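# Chain and residue survey
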Amino acid sequence: MSGEKGAEGKRAVLVLGCPQVPIQTSIALYLAAHLRKKGVEPVIAGNRAARLNAEVSDPDRHYTGSVMDIDRFIEDLADAKIRFDYYFIFIHNDAGISYAATVQSITGATVVALIYGEHFQDMADAIEFPCEKIAAKAVHNPMPLKKKIDEVLPWVVSNL
Amino acid sequence: MGCIESLKYEIILRGASFKECRDYVRTHCSEYYDVKPGFRIFEKAVIGVPPISVGLDGDTVTFPYTKPCYGTFLMRIDDHEEAERIRRIAPGKKK
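In this text, all values refer to a predicted model and were calculated from it rather than measured experimentally.

### What to know about unusual backbone geometry
Most peptide bonds are trans, and most residues other than glycine sit at a negative phi. Look at the link from P50(B) to P51(B): it is a cis peptide, with omega at 0°. Note on placement: P51(B) falls in the loop between β4 (44–45) and β5 (52–57). A positive phi angle, near 55°, is found at R61(A), a position not held by glycine. Position of R61(A) relative to the elements: it lies in the loop between α2 (48–57) and β3 (66–69). Relative accessible area serves as the criterion here: at 36%, R61(A) is assigned to the partly exposed category. Positive phi outside glycine occurs at E43(B), with the angle close to 70°.

So this is what it looks like as structure tokens:
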């Protein structure tokens, strides 16, 4: 595994939303795989259903690595018990924006907002706090968001 | 919901946006405080887009509670100790 310069040994958290939008799990595994290739360890945080979707899709844990409950993630973040080098927040509804704003406010880090779903533009427009937005109308077909990730991820890993 | 689930709560708004919750608190509660995400209410770190408005009416605490699949609930719980704790430590009283 060849890591991106400066990224080796770093950790990223992928904060999943409700798994009701089909592409969430495939994009999460795709992103986790690409982070690994760049030497970044991915950790998935989500509710039980979101975590199980990822774990069942990747039974041998080639991509997912560690997983944690999203409530525990927020509590540990608020208590400053955990910090990551990169924060990827999956957003397809208002709750996703709230989680992204919370992570940004607590850590002061520039979070990466992965915005998708039927109302992706409304969600993107509603975000007024500083963050990097990767947005595409992707509901059943992950390719529009995958293409955006391919374009932006090298910059994200090198610059955040 | 942790300890909040074990308390006697009333849901005022269900599946609301963070902005709807903020507007409701500011309009309907006799006092409110703006807090940052991570501020603890009933021992849980509050989630939301800052500023998060927390309302007080006597001993009644009105606050948003967010879950990934259900959006944000605006909840109301009667608790003298928690209301006084918020009055004592919340950073900015707005009304």
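### Regarding the pairing of strand β4 (residues 86–91) of chain A
All names here are of chain A. The element β4 is extensively covered by neighbouring structure, given that 6 of its 6 residues are classed as buried. Here β4 shows no split at all, with Y86, F88 and F90 on one side and Y87, I89 and I91 on the other all buried. Bridge count between strand β1 (residues 11–15) and β4: 4 bridges; the pairing is parallel. Bridge pairing links V15 to I89 in β4. Here β4 runs beside strand β5 (residues 112–115); their pairing, made up of 4 bridges, is parallel. Within the sheet, the bridge partner assigned to F88 lies in β5 and is V112. Traced from β4 through helix α4 (residues 94–107) to β5, the parallel crossover comes out right-handed.

What counts as what
Residues numbered from 1 in each chain as written. Chains lettered and ligands numbered in written order. Predicted model: local features only at pLDDT ≥ 70, side-chain atom pairs only at ≥ 80, totals over all residues. Heavy atoms only, no water. Helix = DSSP H or I, 4+ residues; strand = E, 2+ residues; numbered from the N terminus. Buried < 20%, exposed > 50% of the residue type's maximum accessible area, 1.4 Å probe, protein only. Pairing = 2+ DSSP bridges. Right-handed = clockwise from strand over helix to strand, strands pointing away.

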